[in-house]
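Architecture and fold: a report
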Amino acid sequence: MHASKRIAMSQPTANAIRIGECLLKALLMEVCAWPKPGLVTPHSQGAHDDMDIWLFITSSSAIAPCFYACAQAGEYHQGELADLFPKIRLIGIEYESRLLQSTREINTQRGILFAGAVLAAAAGWLKGRRQPLSSESLSQCVAGLCLDLCRNDFAALAHRSAQTHGEKLYLQFGITGVRGEAERGFPLVCHIGLPALRQALSLRFSWREALVHTLLALMAHCDDTTVLSRAGPPALHEMKQRAQRLVNLGGMSHPGIEHELNEFNAWCVDKWVSPGGSADLLALTLAMYFLCHQLQEDPNEEEI
């Protein structure tokens, strides 16, 4: 913990600042998009009665320094990439406490705090070695950083009972959640989220439309642990089917998509379905897109 405090309190480098800005921008853009079935938006609390957009802005502000600190830890790290992970975990634990203090113990963004910290550290590590940022290089770096994460974390369950939602879902369904995604280098972000986002931007959708378009693609493929823990396997299966149907209709290109999304949201609220894992993947998709487009070595590189 003392090491994390030293990193968090030191003056961030220019690279760390830019990486942190990409992460914070992604978090705020995700929560501000609408309509997102079952999720908090500027116009809806979704399937929640204990959180709204103001609470998300509060918690996003509280955890933003974590991403700067993790980026700088990656940039300065010497030695094996896997040895960086314990440093990132210590920083994350510190900011998880700050997150819960800011929300009075309401879990708004624990998942993206972990995943975003890992992504920021990977980006910092690459920038520290003057290596180009791409979805491929970031994915490989994240996988190296999180090597054997699931095996190491879940090994403890042989000697004690499950304590977190993630551990309980792993024992019950074998789903590894955000740990598994990170250990594999965020494949849903690279193979589902980014292609959907690029498609939406190529069709000249607004950012709002592009984000919802991308979210639907992620919901159709994500074994969302938030949905699973709140509503169970049948609800997760139906959510994925409903999302896939809208993807097949063309997503935000479909003329009746706003009506379809309102109906989808009503179903989510009725069934208490909140695809928080998919929302985290959407934020990660945005963050990776911004990192790849806004942190090139060439200062004349066009930025969005």
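Above this text you will find the structure in question.
These figures come from a predicted structure and were not determined experimentally. (Residues numbered from 1 in each chain as written. Predicted model: local features only at pLDDT ≥ 70, side-chain atom pairs only at ≥ 80, totals over all residues. Heavy atoms only, no water.)

Considering the overall build of the protein chain
The secondary structure content of the protein chain amounts to 15 helices and 0 strands. Computed over C-alpha atoms, the radius of gyration of the protein chain comes to 18 Å, within 12% of the 19 Å expected from 2.2 N^0.38 for 304 residues, which places it in the range of a compact globule. Dimensions of the protein chain, computed from C-alpha atoms along their principal axes, come out at roughly 55 × 50 × 30 Å. Buried residues in the protein chain amount to 52% of all 304 residues. Of the contacts formed within the protein chain by residues at least 6 apart in sequence, a portion of 73% connects residues at least 24 apart. Of the accessible surface of the protein chain, which amounts to about 13,700 Å², a share of 52% is contributed by carbon and sulfur atoms. For the protein chain, the distance from the average position of its 26 positive side-chain charges to the average position of its 31 negative side-chain charges is 3 Å. (Helix = DSSP H or I, 4+ residues; strand = E, 2+ residues; numbered from the N terminus. Rg over C-alpha atoms; globule rule 2.2 N^0.38 Å. Buried < 20%, exposed > 50% of the residue type's maximum accessible area, 1.4 Å probe, protein only. Contact = heavy atoms within 4.5 Å. Areas by Shrake-Rupley, 256 points an atom, 1.4 Å probe, with all protein chains shown as cover. Lys, Arg positive; Asp, Glu negative; His and termini not counted. Charge placed at Lys NZ, Arg CZ, Asp CG, Glu CD.)

Structural notes on the side chain of K36
Following the sequence through the fold, K36 ends up in the loop between helix 2 (14–32) and helix 3 (53–76). With near-sequence residues (within four places) excluded, K36 lies in contact with E30, V31, T41, L215 and N265.

Examining a nonpolar patch on the surface
On the surface, L28, W54 and I57 cluster together into a nonpolar patch covering about 300 Å² of accessible area. If you trace the backbone, W54 turns up in helix 3. (Patch = residues over 30% accessible without salt bridge, like charges linked within 9 Å, V, L, I, M, F, W, Y side chains within 5 Å. Salt bridge = Lys/Arg side-chain N within 4 Å of Asp/Glu carboxyl O.)

Concerning the packing of helix 10 (residues 187–202) against helix 15 (residues 276–294)
In a packed pair of helices, the relevant descriptors are the angle between the two axes and the axis-to-axis distance. Two elements in contact, helix 10 and helix 15, have axes whose closest approach is 9 Å; the angle formed by their N-to-C orientations is 70°. One way to sum up the angle between helix 10 and helix 15 is to call them roughly perpendicular. Every residue of helix 15 that contacts helix 10 at L188, V189, C190, G193, L194, L197, R198 and L201 is listed here: L281, L284, T285, L286, M288 and Y289. Of the residues in the contact of helix 10 with helix 15, the class split is 11 nonpolar, 2 polar and 1 charged. (Axes fitted to C-alpha atoms, helices over the stretch in contact; angles between N-to-C directions. Parallel < 35°, antiparallel > 145°, perpendicular 65-115°, else oblique. Nonpolar A, V, L, I, M, F, W, Y, C, P; charged D, E, K, R; others polar.)

What about unusual backbone geometry?
Put simply, W34 and P35 share a cis peptide bond, and its omega is -10°. Backbone geometry at E105 places phi at a positive 75°, although glycine is not the residue there. Following the sequence through the fold, E105 ends up in the loop between helix 4 (85–103) and helix 5 (110–128). For E105, a relative accessible area of 59% puts it in the exposed group. With a phi close to 65°, R204 is a non-glycine residue in the positive phi region.

Focus: helix 11 (residues 207–221)
If you check helix 11, its first and last C-alpha atoms are 22 Å apart, about what 15 residues at 1.5 Å a residue would give, namely 21 Å. Here helix 11 lies mainly inside the structure; 11 of its 15 residues are buried. Turning to helix 11, its buried residues are A210, L211, V212, H213, T214, L215, L216, A217, L218, M219 and A220. At its buried positions, helix 11 is contacted by helix 2, helix 10, helix 13 (233–248), helix 14 (257–271) and helix 15. (Expected span 1.5 Å × (residues − 1).)

Regarding the pattern of salt bridges
Scanning the entire structure with this criterion turns up 12 salt bridges. A salt bridge links D153 to R89; the nearest nitrogen and oxygen atoms lie 2.8 Å apart. Here the residue D153 occupies a position in helix 7 (residues 149–154), and R89 occupies one in helix 4, the gap between them amounting to 64 residues. Linking D223 and K240 is a salt bridge whose minimum nitrogen-to-oxygen distance equals 2.7 Å. Of this pair, D223 sits in the loop between helix 11 and helix 12 (225–231) while K240 sits in helix 13; the two residues are 17 residues apart in sequence, bridging distant segments of the chain. Linked through salt bridges whose partners overlap, the residues forming this network are R89, D153 and R179.

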